[in-house]
Every structure is written in C-alpha cells, then in structure tokens.
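Notes for the structure review
The lines below spell out each chain.
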Amino acid sequence: MGNVSEEVTHIRLTAWVHGRVQGVGFRWWTRSRALELGLAGSAANLADGRVEVIAEGVRDHCARLLAALRSGESPGSVDHVERWSPAKGGLRGFVER
C-alpha cells in the first residue's frame, strides 16, 4: 500500500469560520479537537473577524472536525467550507496563529 493509499485517503479541509470566534478560545478549542483526531494544520484569526481553519489528514477525521466546528459545542459557527482539496503535505502538528 504505502504512499498511494495515503494520497487517496488524506485530504485538506479549509474552512472559514464566521461568528463570534475571536477572543473566546475558539482557536485553542479547534486545536484540541484537531489533535484528538490526529490532524495537522492551523487555526488563524483573520483581520475581518473570521477564523481560518486548515486541517489535513484522513478524510473521515477532517469531516469529524468540520462537524465539531458546526456543533453547538464550538465557541463559534461555520458558515461554509470553501474547499476540500488533495493533501499537500508539509504540515506538522497543529498550531494557533
């Protein structure tokens, strides 16, 4: 199997989270959920008040992170997901920016 299997099953989730998501622990909460799911990426505040979440890993785990972002448990709300794309690699750990 090896690399071919990883290329098929790993994807990148990019989501822009709208709502009251800055200054409420949202990035920390997102990082905790992502690490629990074994995902790499980042959660970054944007100048317009949104948080950009980039997560890479197994498709099911990215989908579970997205579901968590949309759930009532998160300190914010996801308006929509802009893009699902193939994994690009090069991400290590999960950071708050």
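Here the structure is shown first, and the text comes after it.
Before going into details, it helps to say that this report is about the structure given with it. Keep in mind the model is a prediction, meaning the values are calculated, not measured.

This part is about the pattern of salt bridges. If you walk through the whole model with that rule in mind, you get 4 salt bridges. Close ionic contact of Asp 60 with Arg 64 constitutes a salt bridge, the shortest N to O distance being 4.0 Å. In this pair, Asp 60 and Arg 64 are both assigned in helix H3 (residues 59-70), 4 residues apart and thus about one turn of the helix distant. Asp 60 gets classed as partly exposed once you look at its relative accessible area, which sits at 46%. Note on Arg 64: relative accessible area 46%, which makes it partly exposed.

Let us now look at the pairing of strand E2 (residues 40-45). The two faces of a sheet get side chains in turn, since along a regular strand they alternate between them. Burial analysis of E2 places 5 of its 6 residues in the buried class, which makes it a mostly covered element. Across 6 bridges, the pairing between E2 and strand E3 (residues 51-58) is antiparallel. Bridge pairing in E3 places Ser 42 opposite Ile 54. If you look at the hairpin formed by E2 and E3, you'll find 5 residues sitting between the two strands, and Gly 49 has a positive phi there, around 100 degrees. Sheet analysis places E2 next to strand E5 (residues 94-96), joined by 3 bridges and oriented parallel. Counted as the bridge partner of Ser 42 is Val 95 from E5.

We now examine the pairing of E3. For E3, a buried count of 6 out of 8 residues is recorded, marking the element as mostly surrounded by other parts of the structure. Examined bridge by bridge, strand E1 (residues 10-18) and E3 share 8 bridges and lie antiparallel to one another. Looking at the pairing, Arg 12 lines up with Glu 56 of E3.

Parameters at a glance
- Residues numbered from 1 in each chain as written.
- Predicted model: local features only at pLDDT ≥ 70, side-chain atom pairs only at ≥ 80, totals over all residues.
- Heavy atoms only, no water.
- Salt bridge = Lys/Arg side-chain N within 4 Å of Asp/Glu carboxyl O.
- Helix = DSSP H or I, 4+ residues; strand = E, 2+ residues; numbered from the N terminus.
- Buried < 20%, exposed > 50% of the residue type's maximum accessible area, 1.4 Å probe, protein only.
- Pairing = 2+ DSSP bridges.

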